[in-house]
Amino acid sequence: MQLPVLNNATAYKGARKGATRRSFLRKSVAFAGGITAFAAAISPLKDMKNAPARSLEDWFRDHYKELTQEQKDTLFADIAKDVKEQYGVDVTIDQPGPIPGVEYGYALNLSRCNGNRACVHACVKENNQSRSPEIQYIRVVEMPAGTFDLENGSHNFDEALVPKPDHYYMPIQCHQCADPPCVKVCPVEATWQEEDGITVIDYDWCIGCRYCQAACPYWARHFNFADPYIPEEEINPDMAYLSNRPRARGVMEKCHFCLQRTRKGRLPACLEACPTGARKFGNLLDPNSEVSQILRTKRIFVLKEDVGTRPRFFYYFDERTTRNGRGTA
Amino acid sequence: MSVQEDKQQELRLGNSFGWVVAVGFFLLAGWFFLTEPVQDHPLTEPVRVQASIINSGAFRTATPEPPIVVIAGMKQQCNSCHTLFESKQMSPRRLAQHTELTLNHGGNEWCFSCHDTEDRNKLVLPDGEQIGYDRIPELCGKCHGPTYRDWQVGIHGKTLGYWNKEMGEQTRLTCSQCHDPHSPAFPTMQLLPGPNTLRMGEGDANIDRHDHKHNPLRKWQEPKSNPWEEGH
């Protein structure tokens with residue numbers, strides 16, 4: 001009986017070849033290169049002072065796990081813990097849902113607004129916006145009287161006293177469109193319109209592609225080009241998941257009608273800060289609300305009506321102006 | 001020189017090149033670990049607005065009902081003086097008292113258009129009805145009809161608190177919580193700092209194209225240490 005002879009000649013030859021000095025060195029170089037590349041790739045980890053407490057939860061949410069209320073509570077608690085570590089502030093985070101039978105609307109009286117920018121800075125404070133690089137949801141445009149051409153407007157007006165004679169002021173923020181182009185273009189569905197008309201952003205889902213910023217005709221969306229800076233003493237501890245919790249670098253943010261306040265019945269921060277009472281907010285579905293009264297009785301317009309976004313933010317006028325002593329109403 | 005020698009020469013060259021690359025990579029790795037993290041934080045000087053500047057309430061304090069005025073540090077009612085000193089002359093004139101008031105109310109130049117001649121703790125409607133200071137909007141509305149109509153339904157004026165009255169308390173400010181009754185035109189105001197990052201084309205004022213002040217990614221140069229960690 002003849003045993004099968006294994007022909008090991010080729011394998012032996014290969015082994016011999018692998019043991020040459022040249023191939024050893026080549027492999028060493030490749031190995032060293034690999035180690036270096038790996039080291040470079042993980043080197044940002046050493047700068048990570050506070051590893052996020054919710055990293056595992058992040059991973060699960062990246063893999064499409066529907067959260068129960070208990071898991072949401074855990075998530076909110078973890079975010080609060082992260083905020084505590086980063087800013088040293090005790091905060092409460094929740095996510096109030098839309099109130100049934102409510103559709104929010106905003107109306108702004110151009111005859112009254114005097115452009116003092118109190119709304120801008122009240123909003124920054126309320127919604128924990130980055131102070132540097134600067135993110136502001138509201139931009140106030142100073143417009144010469146007698147024109148609606150925004151190209152004649154100025155953001156950087158800097159008078160000693162406002163209003164400037166023969167000028168009016170047009171604050172612009174997210175118009176919470178009924179047909180929002182920003183939602184249509186989002187490739188990952190990180191932004192959507194809720195029942196009450198507020199378009200929200202999930203900052204953990206946003207990939208920062210900025211398509212929505214390009215799509216918005218009102219310049220309402222803002223991108224965090226860098227890690228936001230918020231002074232610890234100025235953190236607003238009353239936070240909601242889809243609104244004013246601190247954002248990270250590389251995500252979009254925008255006005256959300258202060259949903260952490262308005263969904264609990266309160267008025268938005270910009271409205272309460274406005275010294276002139278030019279801002280009006282309420283439920284469009286309630287015929288007796290302030291905004292409904294305005295839509296019914298005043299001359300109103302929406303910005304860039306021709307682009308078909310159907311904003312829920314309305315501008316209106318009084319019959320006569322009392323500004324600059326030019327009227328007596 | 002034989003072919004074999006040539007090949008060995010080539011081999012040696014190749015090997016030394018490999019070492020150079022390897023050492024280079026190791027140095028690079030060391031550099032990654034030893035240097036400070038790259039500061040790619042585009043810092044612009046933060047605009048600091050004190051929260052106390054932003055007044056989320058009434059623009060001014062209205063006279064309460066019953067009217068209290070502070071004279072020489074003492075709280076007094078109007079009638080504390082006006083019952084002692086009788087006003088005999090009931091015609092428009094320059095006052096020796098109340099010099100702190102600026103009367104700039106259009107054609108309404110007479111105290112007793114609004115104040116009651118008999119009881120100075122009261123105001124008076126054009127039909128002669130005495131009213132308290134809590135009914136000021138009614139009085140103003142006698143002349144400012146359209147504004148009063150708007151105020152009644154919430155179009156004119158400032159609302160505070162809750163938009164939904166079922167969920168919390170709503171406060172509607174009255175006329176004199178924003179307007180000085182003696183000089184009712186809303187005053188010009190100081191404005192808060194403008195944006196650092198916005199530009200809007202040719203027409204935008206204060207734009208110097210050679211100044212990179214408005215660049216949203218402008219790096220903060222001076223001082224070199226983190227300006228906020230030093231109680232800036």
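Residues numbered from 1 in each chain as written. Chains lettered and ligands numbered in written order. Predicted model: local features only at pLDDT ≥ 70, side-chain atom pairs only at ≥ 80, totals over all residues. Heavy atoms only, no water.

**Student:** Explain the overall build of chain B to me, please; I cannot follow it from the model alone.
**Tutor:** On a plain count of helices and strands, chain B comes out with four helices and six strands. Counting helices and strands in the order they occur from the N terminus, chain B gives α-β-β-α-β-β-α-α-β-β. Each of the 232 residues in chain B was classed as buried or not, and the buried ones make up 26%. Taking contacts inside chain B between residues at least 6 apart in sequence as the whole, the part at least 24 apart equals 45%. Accessible area for chain B stands at about 16100 Å²; split by element, carbon and sulfur atoms hold 55% of it. (Helix = DSSP H or I, 4+ residues; strand = E, 2+ residues; numbered from the N terminus. Buried < 20%, exposed > 50% of the residue type's maximum accessible area, 1.4 Å probe, protein only. Contact = heavy atoms within 4.5 Å. Areas by Shrake-Rupley, 256 points an atom, 1.4 Å probe, with all protein chains shown as cover.)

**Student:** For this particular structure, what's the right way to read the overall build of chain A?
**Tutor:** Helices and strands together make up the secondary structure of chain A, namely ten helices and twelve strands. Within chain A, the proportion of its 329 residues that are buried is 54%. The contacts in chain A between residues at least 6 apart in sequence include a share of 66% that link residues at least 24 apart.

**Student:** Help me out: how do you make sense of helix 5 (residues 118-126) of chain A in this one?
**Tutor:** Each full turn of the α-helix corresponds to 3.6 residues, which orients residues three or four apart in the same direction. Residue and element names in this part refer to chain A. The element helix 5 is extensively covered by neighbouring structure, given that eight of its nine residues are classed as buried. All buried positions along helix 5 are accounted for by Ala-118, Cys-119, Val-120, His-121, Ala-122, Cys-123, Val-124 and Glu-126. Where helix 5 is buried, its residues touch strand 3 (139-144), helix 8 (259-262), helix 9 (269-273) and strand 10 (279-283).

**Student:** Is there a simple way to think about the interface of chain A and chain B in this case?
**Tutor:** Often, the extent of an interface is quoted as the loss of accessible area upon association of its parts. Each partner contributes residues to the interface: chain A has 79 residues there, and chain B has 70 residues. Between chain A and chain B lies a buried interface of about 6200 Å² when both sides are counted; carbon and sulfur atoms form 59% of it. Between Arg-172 of chain B and Glu-290 of chain A there is a salt bridge; the shortest N-O distance is 3.8 Å. Linking chain A with chain B are 17 residue pairs in polar contact (both at pLDDT 80 or more). (Buried area = accessible area lost by both parts, 1.4 Å probe. Salt bridge = Lys/Arg side-chain N within 4 Å of Asp/Glu carboxyl O. Polar contact = N/O pair within 3.5 Å; in protein donor to acceptor, adjacent residues only side chain to side chain.)

**Student:** Honestly, the pattern of salt bridges in this entry has me stumped. Any pointers?
**Tutor:** If charged atoms from side chains of opposite charge come close, those side chains can pair. Tallying each qualifying case throughout the model produces 24 salt bridges over all chains. The partner of Glu-159 of chain A in a salt bridge is Lys-164 of chain A, with the nearest N and O atoms 3.5 Å apart. Overall, Lys-164 of chain A belongs to the partly exposed group, its relative accessible area being 31%. Three or more residues are tied together by salt bridges with common partners; here these are Arg-112, Lys-298 and Asp-318 of chain A together with Arg-149 and Asp-150 of chain B.

**Student:** I tried to follow the packing of aromatic side chains on my own but got confused; where do I start?
**Tutor:** In this description, an aromatic ring pair is defined by two values, namely the gap between the centres and the angle between the planes. All names here are of chain A. A full pass over the atoms with the stated rule returns 20 aromatic pairs over all chains. Between the aromatic rings of Phe-76 and Tyr-241, the centroid separation amounts to 5.7 Å while the plane-to-plane angle is 45 degrees, which identifies the pairing as tilted. Remark: Tyr-241 occurs in the loop between strand 8 (238-240) and strand 9 (252-253) and Phe-76 occurs in helix 4 (residues 69-87); sequence separation between them is 165 residues. Owing to a relative accessible area of 8%, Phe-76 belongs among the buried residues under this scheme. The class for Tyr-241 is buried, based on a relative accessible area of 8%. Note on Tyr-106 and Phe-257: the rings are 5.5 Å apart at their centroids and 50 degrees apart in plane angle, and the pair reads as tilted. One end of the pair, Tyr-106, is in strand 2 (residues 104-109); the other, Phe-257, is in the loop between strand 9 and helix 8, and 151 residues separate them in sequence. Residue Tyr-106 shares its accessibility class with Phe-257, and that shared class is buried. Over the face of the ring belonging to Tyr-241 we find Arg-245, whose NZ or CZ atom lies 4.0 Å from the ring centre. Positioned above the aromatic ring of Tyr-203 is the side chain of Arg-247, whose terminal nitrogen or guanidinium carbon lies 5.6 Å from the ring centre. (Phe/Tyr/Trp six-rings, centres within 6.5 Å; stacked < 30°, edge-to-face > 60°. Lys NZ or Arg CZ within 6 Å of the ring centre and 35° of its normal.)

**Student:** When you look at the sheet that holds strand 10 of chain A in this model, what are you seeing that I'm missing?
**Tutor:** Two pairing modes exist for strands in a sheet, parallel and antiparallel, and in both the strands are linked by backbone hydrogen bonds. Residue and element names in this part refer to chain A. In spatial order, the strands read 10-2-12-11; together these four strands make up an open sheet with mixed pairing. Each edge of the open sheet is held by one strand with a lone partner, namely strand 10 and strand 11 (300-301). In this structure, strand 11 lies alongside strand 12 (residues 313-316), joined through two bridges in antiparallel fashion. Note that in strand 12 the partner of Ile-300 across the bridge is Tyr-316. (Pairing = 2+ DSSP bridges.)

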